Amino acid sequence: TLVGEKDNIIHLSKDQGQLDLLLALDSIDRKIYSYIENEEARAILKNNYLKHQYSKITVMNSISETFEQAANVLILNIDTIGLGDIPSKKLNEMSILIFLKTSASIESEPILQKGFSIQSQNKEMIVFKRVEG
């Protein structure tokens, strides 16, 4: 699998929170820090039954607040964030970057120069993994 069972994940999304719930249900040991662009969808995820019963999803109120969390996986599915918007310190903590949908069109070369390699790629997703060593 791309994401480990005990990984800490930052997820910035324009969707409704469905990926957060699926990642949480797949492993109860994951910590997920989620920022959802749509305020109504964010409120729905904050109050979701599954979130309260089974998971360690924390719904954040801002992107900057989300970047303050300790994590090793970054999942981007948001149009308003580019590579330059990710704090360098945070990027250095990441071992896996997953860019979904429109974020998959982010230029790869600068990410490769920061010590990542492409693990998987298609038109809907690109996965970068930090090169060991």
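Every chain is numbered on its own, with residues counted from 1 as its sequence reads. Confidence filtering applies because this is a predicted model: local features only for residues at pLDDT of at least 70, side-chain atom pairs given and counted only at 80 or more, and all residues used for totals across whole chains, interfaces and linings. Hydrogens and waters are ignored; side-chain quantities use all the structure's heavy atoms.

**Some details on helix H2 (residues 39-46)**
Heads up, the condition is: Here the term buried applies to any residue with accessible area under 20% of the maximum for its type, exposed to any over 50%, and partly exposed to those in between, with areas from a 1.4 Å probe on protein chains only. Here a helix means four or more residues in a row that DSSP labels H or I, a strand means two or more in a row labelled E, and each is numbered from the N terminus. The arc in question is formed by the directions pointing from the helix axis toward the C-beta atoms. Two N or O atoms form a polar contact when they lie within 3.5 Å of each other; inside protein one atom must be a possible hydrogen donor and the other a possible acceptor, and for residues adjacent in sequence the pair counts only when both atoms belong to side chains.
Among all positions of H2, only Ala41, Arg42 and Leu45 are buried. All buried residues of H2 lie within an arc of 105 degrees about the axis, which places them on one face of the element. With respect to the buried face of H2, the exposed residues turned more than 90 degrees away are Glu39 and Glu40. Between the side-chain oxygen of the N-cap and the backbone nitrogen of Glu40 there are 2.8 Å, and the N-cap of H2 in question is Asn38.

**Details of the confidence of the model for the protein**
Worth spelling out the cut-off: Values of pLDDT, ranging from 0 to 100, describe the predictor's confidence in every residue of the model.
Averaged over every residue, the pLDDT of the protein is 90; the share at 70 or more is 97%. When pLDDT is averaged over each element of the protein, strand E1 (residues 8-13) comes out on top at 96 and helix H3 (residues 49-54) at the bottom at 73.

**Structural notes on the environment of Val3**
We count it as follows: Any two residues having at least one pair of non-hydrogen atoms within 4.5 Å are treated as being in contact.
Structurally, Val3 can be placed in the segment before E1. For Val3, a relative accessible area of 8% puts it in the buried group. Residues contacting Val3, with those up to four places away along its chain left out, are Ile9, Arg30, Val73 and Ile98.

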